[in-house]
Structure formats: C-alpha cells, structure tokens
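Architecture at a glance
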Amino acid sequence: MTGFEQIYGMPPEAWADAPGRVNLLGEHTDYNDGFVLPVAIPQRTRVAMRRNGHAGFSLFAQGQGDPVHFDLGTPPQQHFATYIYGCLVLTRDRGVQVPGLNIHVESDVPMGVGLSSSAALEVAALRCLRQLLGLPFDDVLIAQLAQRAEVEYAGVNCGIMDQMASSLADTQRALLLDTRSLERRAVALPRDSAVLVVDSGVPRSLASSGYNQRRAECEEAARRLGVASLRDVDDVARLDGLPEVLLRRARHVITENARVLQAVAAAGPREFGRLMNESHASLRDDYEVSTPELDRLVALLQQQRGVYGARLTGAGFGGACVALCRPDALVQAGREAVRAYGVHGPRAAILVPAGA
Ligand code: GLA
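Below, the structure is looked at part by part. (Residues numbered from 1 in each chain as written. Predicted model: local features only at pLDDT ≥ 70, side-chain atom pairs only at ≥ 80, totals over all residues. Heavy atoms only, no water.)

**Details of the environment of Asn-52**
Mapped onto the secondary structure, Asn-52 falls in the loop between strand 3 (38-51) and strand 4 (57-61). Residue class for Asn-52 comes out buried when judged on its relative accessible area of 17%. Placed 47 residues apart in sequence, Asn-52 and Pro-99 show a C-alpha to C-alpha distance of 7.9 Å. For Asn-52, the contacting residues outside a window of four places in its chain are Phe-57, Gly-100, Leu-101 and Asn-102. A distance of 3.2 Å separates the side chain of Asn-52 from the backbone oxygen of Leu-101, its partner in a polar contact. A polar contact is formed between the side chain of Asn-52 and the side chain of Asn-102, at a distance of 3.3 Å. (Helix = DSSP H or I, 4+ residues; strand = E, 2+ residues; numbered from the N terminus. Buried < 20%, exposed > 50% of the residue type's maximum accessible area, 1.4 Å probe, protein only. Contact = heavy atoms within 4.5 Å. Polar contact = N/O pair within 3.5 Å; in protein donor to acceptor, adjacent residues only side chain to side chain.)

Written out as structure tokens, the structure is:
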C-alpha cells in the first residue's frame, strides 16, 4: 500500500516527482540576471493527489506532523504547507478550476542545506496538478509558477535557478541557464569526474536576512552604475568608485558569471575544479556568505586525492558543500574529509552519492 492509501484509504489519481539540485557554479548570480550551472541530485520529492469531492484541501507530508486542512481563501499556518498553497492559488489564478484535493508528500531531498527541497516540492506539486487536471503547463511555466509560489506565498525572495533546475535538469548533465532570457542547454560534466555533496552539519542561520541584504546591495550597486542589473557589467574596472562593500559584492557577481562561462568552455576537470575553488574564495571574501565551518570543510575537500575543486553551494551561511572529483576517488575523499572535519567540529555527512 502506498503512503497515500495509508492516510486517505484510497489510491491517488495522480502522482509526480521532482529532484533537488546542487549548483556547480554561478552562486548569487540568478537574481542579478546572470548565469548558473546546477545539476539535479538523485534525491526526489513525490506528490500524490486525489479529488476529495468537496472544496477544501487536506495535506499530509511525511515528517511534518498531522495533516493540514485549508481552503484557498486562507493561507495555512504551517510553513511547509504554504509552498503547496501557493502552487494551488497560482494555478487557480490562471483560470483553472482547482477541485478540493487530498494531497500526500514524501521526500528524501535533505532539507535546509541548500539543495532546494522547497523547489522540489513546488515543482512536484505543479507536475502532479498538471497530470491530474491535464493542464497545458510546460516545464518552464512550471518553474516560473514554482518560483512565484516561493516568493509570493512562502516569503522567500529567491531567483529562478532552483525551480528551473528542479523542473529541467537531470542528474547526468548540468543545466547552463541564462537567468535573464531563460535560454539554456544541457552541458556534460567534465570527463572523468563526478559530483560529491557534503553537508557541513551547520544550520543556515542568517540565510534569509543575509540573502535579502546581499540582494539589496547588488541592486544598489547596479543603480549606482546605471545598469538594469549587474549582468550588464563584465569589466571589474567599471566598479572603481563604488563604496567598498558594494564593489566587493558586484565583483563577486561579475567574476562568478565569467567563471560559469569559462567552466562550460573548460578543457577538462582540473580547470573546472580550479574555477570552483575560485568561486569559493570569492563567496568567502567578496560576497561574505561563507562561515568558518564551510571554509574548513571546503579546504579539507580541496586537499583530498582525486578532488578537482570544491566550494560552498546554495545561498551559503551554512549548509552543504559541493566537490568535483575523480569517480574512483569520490567516496574515499568524502569520507576522509568528513572524518577530519568531525575531529574539531560538527558532524558532516555525505549527501551525494546517496547512501555513501
Ligand atoms: C538560493 C536561492 C537561489 C539562488 C541561490 C544562490 O538557493 O533560492 O535563487 O539565489 O540561493 O545562488
């Protein structure tokens, strides 16, 4: 029997899933109209639905306590439920008759570490609605609605990278995305390489206040430079004259955009890895979204045999790190970094490959 049947006593009518993502390069560039390079992770969120014959909604999410009941007139109190609520309201606002539903959610996407568990939830919910109601939503529209659900209903002022990655990326190839035009293409990982993701065990404190502050600083820098967004600047010499903090924020964005494009054109994994290392230094020194623990874990990863490069991934302020490694050295490198890190600090854990 499925989880849905156990809760609601009947099988679902539709189900869908969507993955989390890890960003390889292009951090804090998406809300500056820049370039990003995420790849899907194997962990996924699954959503199942069935019409319940009345106007209200019941939502059960594994690990989130009792079922939540709501209707589209009033947002639910429980934060996780607001992501689904937002998807339902935005679908209705497109003129779709959304019937009352029983909804079931289960997920193995790690939460709160920067691997986009919320985007996976939104995209899986919208895919499930598309399936149930036969909606003409393409994958880009699903990502756009998912991002709006997050901004307008869950109160997180994010860019569009996570939702585009969850909706369009796969685990084998990275998604090169221009977040201004939404032009994109699948890019093979460098030869002889694989992705390692390690959780630092440090919760992402300050993630939302720090994130919003960085956004505001970038907008202020763009305003002073007289451009629509920092995407429109590609020469750091143009930043001279900006106040010091704004100069460093803008320098991160400009150099990070360049790193994404260089990585895509890179000759091999070593150059790609070097760009990841540079990205971490820029996030640490110019963008100031790293923490001492992330710096230590990244340094340990960078020292391991078979690691081409490593950096924090996602918004920062805690959470996970990503490394590009030789496939045959991957698990050993991850275990050794986790062990050495744990001697003086919190418990780290390998998240990708799953079960390592
Ligand atoms: C979070 C946001 C994304 C992006 C990253 C930083 O994951 O949801 O839109 O801004 O931070 O690159």
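**A closer look at the packing of aromatic side chains**
On inspection of all chains with the given rule, the structure shows five aromatic pairs. The interplanar angle of 10° and the centroid separation of 5.5 Å between the aromatic rings of Phe-57 and Phe-70 together place this pair among those described as stacked. Here Phe-57 is found in strand 4, whereas its partner Phe-70 is found in strand 5 (residues 68-70), with 13 residues between them in sequence. Of the two residues, Phe-57 and Phe-70, neither departs from the other in class, the shared state being buried. (Phe/Tyr/Trp six-rings, centres within 6.5 Å; stacked < 30°, edge-to-face > 60°.)

**Here we look at the nonpolar core**
Counting residues in hydrophobic clusters, the biggest one holds 45 residues, and the most contacted among them are Leu-196, Val-198, Leu-230, Leu-239 and Leu-301. Those elements that place two or more of their residues in this core are strand 9 (194-199), helix 6 (207-225), helix 7 (244-264), helix 9 (292-303), strand 10 (307-312), strand 11 (320-325) and helix 10 (330-343). The element best represented in this core is helix 10, accounting for six residues. If we ignore the near neighbours within four places in the chain, the residues touching Leu-239 are Leu-225, Val-233, Leu-247, Ala-250, Arg-251 and Ile-254. (Core = buried A, V, L, I, M, F, W, Y, C linked by side-chain atoms within 4.5 Å.)

**Points about the packing of helix 8 (residues 269-285) against helix 9**
Between helix 8 and helix 9, the least distance of the axes is 12 Å, while the angle of their chain directions is 165°. The pairing of helix 8 with helix 9 is recorded here as roughly antiparallel in orientation. Taken as a pair, helix 8 and helix 9 cross one another with a handedness that is left-handed. Residue-level inspection shows Asn-277, His-280 and Arg-284 of helix 8 in contact with helix 9, the latter providing Leu-294, Asp-295, Val-298 and Gln-302. Its residues assigned to classes, the contact of helix 8 with helix 9 comprises two nonpolar, three polar and two charged. (Axes fitted to C-alpha atoms, helices over the stretch in contact; angles between N-to-C directions. Parallel < 35°, antiparallel > 145°, perpendicular 65-115°, else oblique. Left-handed = near helix turned anticlockwise from the far one by under 90°. Nonpolar A, V, L, I, M, F, W, Y, C, P; charged D, E, K, R; others polar.)

**A word on the sheet that holds strand 10**
If you trace the four strands from one edge of the open sheet to the other, you get 10-11-9-12, paired in antiparallel fashion. The sheet terminates laterally at strand 10 and strand 12 (349-352), the two strands that pair on one side only. When the angles between neighbouring strand axes are averaged without regard to direction, this sheet yields 30°. The sheet contact formed by strand 9 and strand 12 spans three bridges and is antiparallel. Considered in strand 12, the bridge of Asp-199 is made with Ala-349. (Pairing = 2+ DSSP bridges.)

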